[in-house]
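Residue-level structure breakdown
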Number of protein chains: 4
Amino acid sequence: TRARDLGIEIGILPTGKLNSITDVEGVLVGHLTKIQGKDIRTGVTAILPHRGNLFQEKTPAAVFVGNGFGKLAGSTQIEELGNLESPIVLTNTLGIAAGMEGIIEYTLELPGNEAVQSVNAVVGETNDGYLNDIRGQHVRKEDVLSAIRAAKEGRVEEGNVGAGTGTVCFGFKGGIGTSSRKLPESLGGYTVGVLVQTNFGGVLQINGVPVGEELGQYSFKNHLESADGSCMIIVATDAPVNERNLKRIAQRAMMGLARTGGIASNGSGDYVIAFSNHSQNRIAHQATTLDLLQNEMLRNDDMSPLFLATIEATEEAIINSLFAANDMEGKEGRIVKSLPLPRVMEIIKSFGNKD
Amino acid sequence: TRARDLGIEIGILPTGKLNSITDVEGVLVGHLTKIQGKDIRTGVTAILPHRGNLFQEKTPAAVFVGNGFGKLAGSTQIEELGNLESPIVLTNTLGIAAGMEGIIEYTLELPGNEAVQSVNAVVGETNDGYLNDIRGQHVRKEDVLSAIRAAKEGRVEEGNVGAGTGTVCFGFKGGIGTSSRKLPESLGGYTVGVLVQTNFGGVLQINGVPVGEELGQYSFKNHLESADGSCMIIVATDAPVNERNLKRIAQRAMMGLARTGGIASNGSGDYVIAFSNHSQNRIAHQATTLDLLQNEMLRNDDMSPLFLATIEATEEAIINSLFAANDMEGKEGRIVKSLPLPRVMEIIKSFGNKD
Amino acid sequence: TRARDLGIEIGILPTGKLNSITDVEGVLVGHLTKIQGKDIRTGVTAILPHRGNLFQEKTPAAVFVGNGFGKLAGSTQIEELGNLESPIVLTNTLGIAAGMEGIIEYTLELPGNEAVQSVNAVVGETNDGYLNDIRGQHVRKEDVLSAIRAAKEGRVEEGNVGAGTGTVCFGFKGGIGTSSRKLPESLGGYTVGVLVQTNFGGVLQINGVPVGEELGQYSFKNHLESADGSCMIIVATDAPVNERNLKRIAQRAMMGLARTGGIASNGSGDYVIAFSNHSQNRIAHQATTLDLLQNEMLRNDDMSPLFLATIEATEEAIINSLFAANDMEGKEGRIVKSLPLPRVMEIIKSFGNKD
Amino acid sequence: TRARDLGIEIGILPTGKLNSITDVEGVLVGHLTKIQGKDIRTGVTAILPHRGNLFQEKTPAAVFVGNGFGKLAGSTQIEELGNLESPIVLTNTLGIAAGMEGIIEYTLELPGNEAVQSVNAVVGETNDGYLNDIRGQHVRKEDVLSAIRAAKEGRVEEGNVGAGTGTVCFGFKGGIGTSSRKLPESLGGYTVGVLVQTNFGGVLQINGVPVGEELGQYSFKNHLESADGSCMIIVATDAPVNERNLKRIAQRAMMGLARTGGIASNGSGDYVIAFSNHSQNRIAHQATTLDLLQNEMLRNDDMSPLFLATIEATEEAIINSLFAANDMEGKEGRIVKSLPLPRVMEIIKSFGNKD
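Here is a short report on the structure shown in this document. (Residues numbered from 1 in each chain as written. Chains lettered and ligands numbered in written order. Predicted model: local features only at pLDDT ≥ 70, side-chain atom pairs only at ≥ 80, totals over all residues. Heavy atoms only, no water.)

Quick word on the overall build of chain A
Along the backbone of chain A there are 7 helices and 16 strands. Taking all 355 residues of chain A together, the buried fraction comes to 72%. When contacts within chain A are restricted to residue pairs at least 6 apart in sequence, long-range pairs at least 24 apart make up 79% of them. Total accessible area on chain A is roughly 10,200 Å²; 47% of this is exposed by carbon and sulfur atoms. Charged side chains in chain A number 32 positive and 41 negative. The centres of these two groups are separated by 3 Å. (Helix = DSSP H or I, 4+ residues; strand = E, 2+ residues; numbered from the N terminus. Buried < 20%, exposed > 50% of the residue type's maximum accessible area, 1.4 Å probe, protein only. Contact = heavy atoms within 4.5 Å. Areas by Shrake-Rupley, 256 points an atom, 1.4 Å probe, with all protein chains shown as cover. Lys, Arg positive; Asp, Glu negative; His and termini not counted. Charge placed at Lys NZ, Arg CZ, Asp CG, Glu CD.)

Below is the structure:
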């Protein structure tokens, strides 16, 4: 179930066709879900900015660190060079190395990359150690390759899938969620798509309704609980924006997270990676020396609608991750319940406009 | 009128005694309101971290740039040295120079500062040019000195006052607002106070209720309006936190702004300045060479409640700025109406929990 | 006297025609020197990126903070928006406000700017308080306007002039210096020009020769002296590079400073502002909504020669500032001697290649 | 051979006892050198901040990015939390994942870490792909563990060893180098130690002497050659400085690199990691909630000697890496010659002071 299917309309802008990051033409998403025995509840999610050779045709990109208690690989090169040259892989905290190995093998083996000796593998994570035997390091290079190779267009599976298999969010089962916004033509007609891996805490609010408080489940309720956890947020757009404006977009995604009641607690690794796959602005790895890139770019003055789109899509993607997730039993018999949707919808209804 | 007086309770943490930045013991606030003729609608607000000589007893401090379309003076030295050595002055965009002059004169003339040859004046601004003849540069050094000298403890005037005299927020009259949170002893017992100068746009939400949409007044409503404007946010705390954790606190204030529907639009200068006036950690300007500072500091692990407090107090301070503001007629006969409180309260009521 | 005239050839790249920042076509420099009575030894230097209306035709720009103990105005907006919309003004530490006032008046009064209500004035400083009555704040708005209006092409006066009137560098009289590099066509043919305001300490090295040690004048010589002071560095180029690569260029300027023996001591405000006035990439203030900027840009791979050019020109500009300066008597009868050139040239000769 | 043994005295400050990073009491260094067959020329170097459990007793730390074309793992968490909780591992570009695996296994298996589920592995690299079959990814987790376990006090092997086995610097064989400075008691008596992995280009200068030009080997000599490559720089100190001042120290290390003729070319991954192992300021992983850290810290005003020490030790460490390296034959029969020391010493002598 997705939030919008139940009548929850977040924000004022229209969604893209699938209300998914894949509404940005060319973006591919793949999952590898690893549920084995009683203790393994983890996985991998891969996001590919376009269908081509990502190393040979790099995309402008940026990273914003919402809270850096996390192990994101690849951020400094994105910041320095302004681009992304690999799939983005999400997995668990102790799986970053496997993520890098998968990306590197994938990249080295792609036709055309025979001479490549350096790959900036971009791998993010959240900690699924409550439900998953994370110390066992069960994500392997092969799993990462599987997720990358499974990447496809179209509908994206949400909830307990891929890198969201074992995550917990606001005390409920979290997971993968996605959403998108398509700007009206008068604002440019561009699409912004967001995919999240939710594993964080706070005081849950759904489209403004204080669901966490109503359910009696929120951080610091008894001045004891931790709000820790993390959120990885991937923002894709087809708008012609450079790395600086992508960083500004990335920064707005944290404002979307804030609207769900997230607080970027101390232990949360909250990172946003934003890229534009606008075809004119891709950066060829090989080029004639001194040839100039010919770019087209939106002016700063035209960025605000993209900011709003990012905020809305992030908020909805997080809510979608909660709505799509199911109860999960994992490590040491621990059970994390999903959001009790019937009760949640009652609460939302009770807070609805009565006039 | 303040939001809480009308029954609007934002967040889960208790407020300080006055629900004001001055709940942080020692913090002083002063306003100079300049309403003259038909075209001058501006002013100055000064925040002093403590009652002593601010240059001789510096406070740990940090700046977070939510969106840097603004002219904040003093940020790089705060970042480099980790401290604040002056009052914080807020005014209009073209008044930064006057703000600096006022701070410099104030500082040079303080007893004990006879040898001072360098002052890092910290001055923030928002653009009140819709209601105020900003090109006339009517804020003068003397006005700044008046605001600084008027700084006092106790209740802080809100709304159309000081640096908020001519500002506009969410299409309504904005201004100065303040709020605070006092953590329960089990979470440390520290106080976080916030003061805002609101002049920004977006889609107004009050404690989760979509007031902007209900009133039919919000950015991009007809895909035409600008959401531009700015917000200065000052966060004070008595918690023993160093400049790095103050920067983290500052970053959370933008999450509070997000919860009101702000989007940090392109043209918005959204800056947060956070300081701790914890007495043990003040930094003497003069000291024996090689003497070590003896500091006490909260651990990273204990920061999350302060983050939540900052988010909540910022959200409420912004709402307070709107609730306290009155209609204002200014430059060229322009009128900006305040938030229609009776109608707003009806809306909020209609979205209230019916169960 | 300039270093190169005495046979000192710094680096491996050729200089531009005038070995000056004005070798970058269109860049203008103006000075206002203020020497009055016994105590006033200060001034203003203005750098204009091009001859047009700088506000209406902004230039891509970036700031790098070498050491942020300084009061640079305007940095956060440059960082956020990636551009410069004003002259760059250099003056003394307590003259920043006057610098802003001068820039604002200049900008508001330019034909075409009648509706402007916001100006990001960029003003840097170093502290000339040893020779100048800095507390007297003798730089006025009018002085700033004079420097801006005096800005011209061609040879740039160096030494005790403009913002360098009262500065001290490596214990000798510092001041304004400039230099440039013109890349060979095989490396792009672009020009990089640097202008510095030198007021810092360390262990002076001239083209690798330990002149400071030989002269017995350097920081920490007796483990007592301070190395404090500051350096403002302006880097101009006609190369088509965006704000990100300008930031990388700016960062390299500090490497040029390092080669002179500067150490970016605690008290030093070392800032680099870099801009590109490549005509294709200027940013019109007014434009049709949603029209795209059409930019051309060097690829990352072609940046290294510009980095080297920046390092070399910065090193030489600093040395030029010392060579051009003369003895100066100022506040309280204090005298700062210029570099003893005959002795320095003897030292340099004695360290020359004997083979 | 070390530079100082040949009479080359870089800087004005005295070295520590061993002129090595291990002069900082408690710092341990271990190498694993992997020379196999004709094509494998790589290795691992591990730096441990102290002898204890690094995860349970974290050290204040900071990262400065000189040029971010590199894959450094762990930087964002160091920046956010201000500390280091693992050994620092250096290896080749495609060995980062193995480095992380080694650190994670080492950490998870340490007594006391049984409950650890998250480790911020810090791994840096340079690209040894000219001499080494880097695509073969010959560094394994076991190699990393070997290097960590081999870490010891005392003299540090330099040159073609560990992570420096296959590196190239200024067109000569690079490698590992180290140096230190011990401040006189009047400046605090603290020690700064530096270790480098050199793999970068530019125009080699040794203690100010233009050796690269004299040897006719330098970047852009024929306007064709690349200056690319990278440098990892680790700075250790026992001085009581917090994460902010460690970042300032880290930034100065790039100034030491500049003094050798390095230019931080586009393709260079130049990173500095600085930590303080001052015993009073270590951060226990486990602590009672709300207990305050009691830290002692040098004031900003006392930092400059540490900056100079860092610059000097970095410069000398780089030169040491060149002096210690030997000719190396590797992949595809390629040979990289070491610096021709007899000729170099002649050059240096010929540039010596003749008076």
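Structural notes on the interface of chain D and chain C
Tallying the contact residues gives 48 residues for chain D and 48 residues for chain C. Buried area between chain D and chain C, summed over both chains or domains, comes out near 3,800 Å², and the portion from carbon and sulfur atoms is 54%. Joining chain D to chain C, the criterion identifies 0 salt bridges. Secondary-structure elements contributing two or more residues to the side of chain D that touches chain C are β3 (57-68), α4 (211-215), α5 (243-259), α6 (304-324) and α7 (341-350) of chain D. With 8 residues, the single largest contributor to the side of chain D that touches chain C is α5(D). In terms of residue class, the side of chain D that touches chain C is made up of 19 nonpolar, 19 polar and 10 charged. (Buried area = accessible area lost by both parts, 1.4 Å probe. Salt bridge = Lys/Arg side-chain N within 4 Å of Asp/Glu carboxyl O. Nonpolar A, V, L, I, M, F, W, Y, C, P; charged D, E, K, R; others polar.)

Overview of the pattern of salt bridges
Per the stated rule, a full pass over the model turns up 78 salt bridges over all chains. A salt bridge links C:Glu312 to C:Arg181; its shortest N-O distance comes to 2.9 Å. On the criterion of sequence distance, the pair formed by C:Glu312 in helix α6 (residues 304-324) and C:Arg181 in strand β9 (residues 176-182) is long-range, its members being 131 residues apart. As far as the burial class goes, C:Glu312 and C:Arg181 line up, both buried. Across the pair D:Glu85 and D:Lys58 runs a salt bridge whose closest N-O atoms are separated by 2.8 Å. Taken as a pair, D:Glu85 in the loop between β4 (83-84) and β5 (88-92) and D:Lys58 in strand β3 lie far apart in primary sequence, 27 residues in all. Judged on exposure class, the residue D:Glu85 and its partner D:Lys58 are both buried. Salt bridges here are not isolated pairs; linked through shared partners, they connect A:Arg4, A:Arg181, A:Glu312 and A:Glu316.

Brief notes about unusual backbone geometry
Within the chain, C:Asn19 stands out as a residue other than glycine whose phi angle is a positive 50 degrees. Assignment of secondary structure puts C:Asn19 in the segment before β1 (28-36). A positive phi angle, close to 55 degrees, is found at D:Phe170, a residue other than glycine. Within the secondary structure, D:Phe170 is located in the loop between β7 (168-169) and β8 (172-173). Take D:Phe170: its relative accessible area is 3%, and that puts it in the buried class.

Topic: the relation of the copies chain D and chain C
Least-squares fitting of chain D to chain C yields an RMSD of 0.0 Å, with the transformation described by 0.0 Å of translation along the axis and a rotation of 180 degrees. Within this description, the copies of the chain are treated as partners about a two-fold rotation axis. For chain D, the minimum C-alpha distance to the rotation axis belongs to D:Gly208 and amounts to 1.8 Å. When the interface residues of chain D are mapped onto chain C, 100% of them again fall at the interface, so both copies present the same face. (Least-squares fit on C-alpha atoms with pLDDT ≥ 70 in both.)

Regarding the sheet that holds strand β6 (residues 122-126) of chain B
Residue and element names in this part refer to chain B. Pairing is mixed across the open sheet formed by 4 strands, whose spatial order is β1-β2-β5-β6. Where the open sheet ends on each side, the last strands, each with one partner, are β1 (28-36) and β6. Here the average twist between neighbouring strands, direction ignored, is 15 degrees. Both strand β2 (residues 40-48) and strand β5 (residues 88-92) contribute to a ladder of 3 bridges, which runs antiparallel. Pairing of threonine 45 across the sheet is with leucine 90, part of β5. The strands touched by helix α2 (residues 96-109) are β2, β5 and β6; relative to β6, the strand with the most contacts, the crossing angle is about 155 degrees. (Pairing = 2+ DSSP bridges. Axes fitted to C-alpha atoms, helices over the stretch in contact; angles between N-to-C directions.)

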